[in-house]
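# Overview (structure and organization)
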Amino acid sequence: MRAEERSGWLLAMPYAVFLLAFVAYPIVFAVVLVFLHWDLVTSPSFAGLDNVRLLTHDGRFWRAVGNTFVFLAIHIPLQIVSALALAVALNRRLAFRAFWRAAFFLPVVISGAVVAVLWNALYATDVGLINRLLVRVGLAPVAWLTDPRTAMPAIAAMVTWKNVGFYVIIYLAGLQYIPRSAQEAIELEGATAWQRFRHLTLPLLLPQTILVLTLSTINGFQLFIEPYVMTGGGPLRRTYSIVLYLYTNAFFYQKMGYAATIGVALALMIGGVVAIQRRLLGSAEAR
Amino acid sequence: MRTLRRVALYAGLTLAALTFIYPFLWMAATTLKPPFEVGTLALIPERPTLDNYRTMWARAPFGRALLNSALVATTITAAVLVLGSMTAYAMARLRFRGRPVLQAVTLGVLLVPGQLTLIPLYTLIVQLGWIDTYAALVVPYLLNATAILMLRQFFVQIPQSLIDSARMDGMGELRILFTIFWPLAKPALAIVAIFTFMGSWNEVLWPLLVVRDQRLMTLPQLLTVFALGGGAGSMGVSLASAMVLVVPVVVAYVFLQRYFIESMAGAGIKG
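What counts and how
Residues numbered from 1 in each chain as written. Chains lettered and ligands numbered in written order. Predicted model: local features only at pLDDT ≥ 70, side-chain atom pairs only at ≥ 80, totals over all residues. Helix = DSSP H or I, 4+ residues; strand = E, 2+ residues; numbered from the N terminus. Buried ≥ 20, exposed ≤ 12 C-beta atoms within 10 Å, placed from the backbone. Contact = placed C-beta atoms within 7 Å. Rg over C-alpha atoms; globule rule 2.2 N^0.38 Å. Domains from an automatic or database assignment. Nonpolar A, V, L, I, M, F, W, Y, C, P; charged D, E, K, R; others polar. Axes fitted to C-alpha atoms, helices over the stretch in contact; angles between N-to-C directions. Parallel < 35°, antiparallel > 145°, perpendicular 65-115°, else oblique. Left-handed = near helix turned anticlockwise from the far one by under 90°. Expected span 1.5 Å × (residues − 1).

When its secondary structure is counted, chain A shows 13 helices and 2 strands. Looking at the 287 residues of chain A, the share that counts as buried comes to 44%. Across chain A, the fraction of contacts at a sequence separation of at least 24, relative to all contacts at a separation of at least 6, is 69%.

What follows is the structure, given as structure tokens:
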């Protein structure tokens, strides 16, 4: 036992040290930073509750929060519906099934920066693919990324496109668990495909839907590279995201204490929203 | 009627698949188009040219960035595989005081949003003098909770008899891990390798914070800086720089898609 104990400790030691240095210390220091003013050049000074007070009055921060909710309001329903539809379509004996699955999953493996640059080109007002297609069928082009009304929805659509393959896989895994016998029994009772879907499939997929909801929400709060590359947070700050603001405060304004405060606020918000979602849907699941 | 439904299904799936593949084809085609053709719908340029690629290559150190990304991603993946399996092995098969705590903490790490620790990590890097070094890009990623948990789950299933007979032969724990467990764990190792490598390859926020020198930038970072800084000048050039990132990934994906899907979907669900 002593030899095993020693070996165990030796093997686990690198990770324990790593956790202390790169996880525990940063978490503690993040909270400490909330109470400091620091520009990384001069020594930090005590700030009391200045950062917190500033945050509660900071219009830019709250606009970013509002933008996030606009994003989520479009992204989440779109994500659930499209992932579910594709998964249900794929959940049967199909020719080339692996091909469809691979096609849908392709954008998931591509870097967010690349997808942002690509969609910048797709959404470009004059020479972008989407507007060219619209004009070709006789519709008017849209200033996707420069019109304040369409910028965030455009980004939400793009992020949905990027991630849908991932959620298709999640739903497919859930669909495997729905026994054929149950489906056939309902069919025999004369239910249509839609009734089957609504009363059997959908409720049984609730755990997956909760997962899609949670992960999409977290993803939405962490939005950074898309607005950074595509709009710089504009137009009129409509696509300004929380993480973009965090980054700007750290990298450009050199306000470490304030940036850390934003980080803590973000973590709390994510935790809060996810907890609420689980509470609401958890009770639905119990029913 | 059934056949009609079938046809509609295949048509719908084809249309859906096209929306995912067509943009990449159009992007590739655009990079080969001269300026007056950029923006057209054609997938085959009338006057194909490599000018966009030549411009991109001349304006920013993309070759260097490719090397940087490869170096960083490989180092991180190797470290995660080796150090991660050491930790996973200890957690799965060795009894030691504090093991339950370590396991609980590892699970807890998965709940922490990266943005919480981002700034303190950044200040730590600055204080260590690691700005604009490979160390900054690599060290914070040498170990990975998701990888450890995945490997642990696999290691738990290996029969104790194999370990017992190895120990009776006088093998030390590390030898048991690398000569017995590793060959058996190839699928799990492959899965961990893929999502770790891809995660590092695609990571852009962290490099944007800790690296300012263009010669040290990773590929997605240089792409971002290039696209934003106006260095591209035209859509053809900025898309050409995106192609440098995309092509190796797509090639690997075409051959290894099953592993990619299993790996990145599995890791995402656990994480």
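With that settled, the discussion passes to the overall build of chain B. From N to C terminus, chain B includes 13 helices and 0 strands. Helices and strands appear in chain B in the N-to-C order α-α-α-α-α-α-α-α-α-α-α-α-α. Expected size for 271 residues packed as a compact globule is a radius of gyration near 18 Å; at 23 Å, chain B overshoots this value by more than 25%. Counting only C-alpha atoms and orienting by the principal axes, one finds that chain B spans roughly 75 × 65 × 35 Å. Scored against the burial criterion, the 271 residues of chain B give a buried share of 45%. Contacts in chain B between residues far apart in sequence, at least 24 positions, make up 74% of those at least 6 positions apart.

Attention now goes to the domain arrangement of chain B. Residue and element names in this part refer to chain B. Assigned domains within chain B: domain 1 (1-49) and domain 2 (62-270). Just the C-alpha atoms count here: the centres of domain 1 and domain 2 sit 34 Å apart. Counting residues at the interface gives 8 residues for domain 1, matched by 8 residues for domain 2. For the side of domain 1 that touches domain 2, the class distribution of residues is 5 nonpolar, 2 polar and 1 charged.

Residue and element names in this part refer to chain A. The contact between helix H3 (residues 59-90) and helix H7 (residues 151-176) brings their axes to 7 Å, and the two run at 40°. As the angle between them shows, H3 and H7 are arranged oblique. The hand of the H3/H7 crossing is right-handed. Looking at the contact of H3 with H7 residue by residue, the class counts come to 21 nonpolar, 6 polar and no charged.

Our focus in this paragraph is the environment of Arg 149 of chain A. Looking at the element boundaries, Arg 149 of chain A is found in the loop between helix H6 (129-136) and H7. The sequence separation of Arg 149 of chain A and Ala 98 of chain A amounts to 51 residues, and the corresponding C-alpha distance is 38 Å.

Each partner contributes to the interface: chain B provides 71 residues, whereas chain A provides 66 residues. Counting residues per element, the side of chain B that touches chain A draws most heavily on helix H13 (residues 235-270) of chain B, which supplies 15 residues. Counted by class, the side of chain B that touches chain A contains 55 nonpolar, 12 polar and 4 charged residues.

A few words on the packing of helix H5 (residues 112-123) of chain A against helix H1 (residues 2-31) of chain B. At a minimum axis separation of 11 Å, H5 of chain A and H1 of chain B run at an interaxial angle of 85°. Overall, the two elements H5 of chain A and H1 of chain B adopt an arrangement that is roughly perpendicular. Where H5 of chain A abuts H1 of chain B, its residues Leu 118, Ala 121 and Leu 122 of chain A lie against Pro 23, Met 27 and Thr 30 of chain B. Its residues placed into classes, the contact of H5 of chain A with H1 of chain B shows 5 nonpolar, 1 polar and no charged.

We now examine helix H5 (residues 114-127) of chain B. Residues and elements named next belong to chain B. In a regular helix each residue adds 1.5 Å, so 14 residues correspond to 20 Å; H5 covers 20 Å between its end C-alpha atoms and thus fits that length. Counting buried positions along H5 yields 10 of 14 residues, so the element is predominantly enclosed. Buried within H5 we find Gln 115, Leu 116, Thr 117, Leu 118, Ile 119, Pro 120, Leu 121, Tyr 122, Thr 123 and Ile 125.

A few words on unusual backbone geometry. All names here are of chain A. In this structure, the amide linkage connecting Gly 234 to the following residue, Pro 235, adopts the cis form with an omega of -10°. Position of Pro 235 relative to the elements: it lies in the loop between helix H11 (225-230) and helix H12 (242-251). Despite not being glycine, Arg 237 has its phi angle at roughly 60°, a positive value. Checked against the element boundaries, Arg 237 lands in the loop between H11 and H12. Within the chain, Gln 254 stands out as a residue other than glycine whose phi angle is a positive 55°. Along the chain, Gln 254 falls in the loop between H12 and helix H13 (256-286). The class for Gln 254 is partly exposed, based on 13 C-beta atoms found within 10 Å.

So, about H5 of chain A. Between its first and last C-alpha atoms H5 of chain A spans 16 Å; for 12 residues at 1.5 Å apiece the expected length is 16 Å, and the two agree. Turning to H5 of chain A, its buried residues are Gly 112, Ala 113, Val 114, Val 115, Ala 116, Val 117, Leu 118, Trp 119, Asn 120, Ala 121, Leu 122 and Tyr 123 of chain A.

To continue, consider the environment of Phe 178 of chain B. Here Phe 178 of chain B lies in helix H9 (residues 173-184). With 17 residues separating them in the primary sequence, Phe 178 of chain B and Phe 195 of chain B have C-alpha atoms 21 Å apart.

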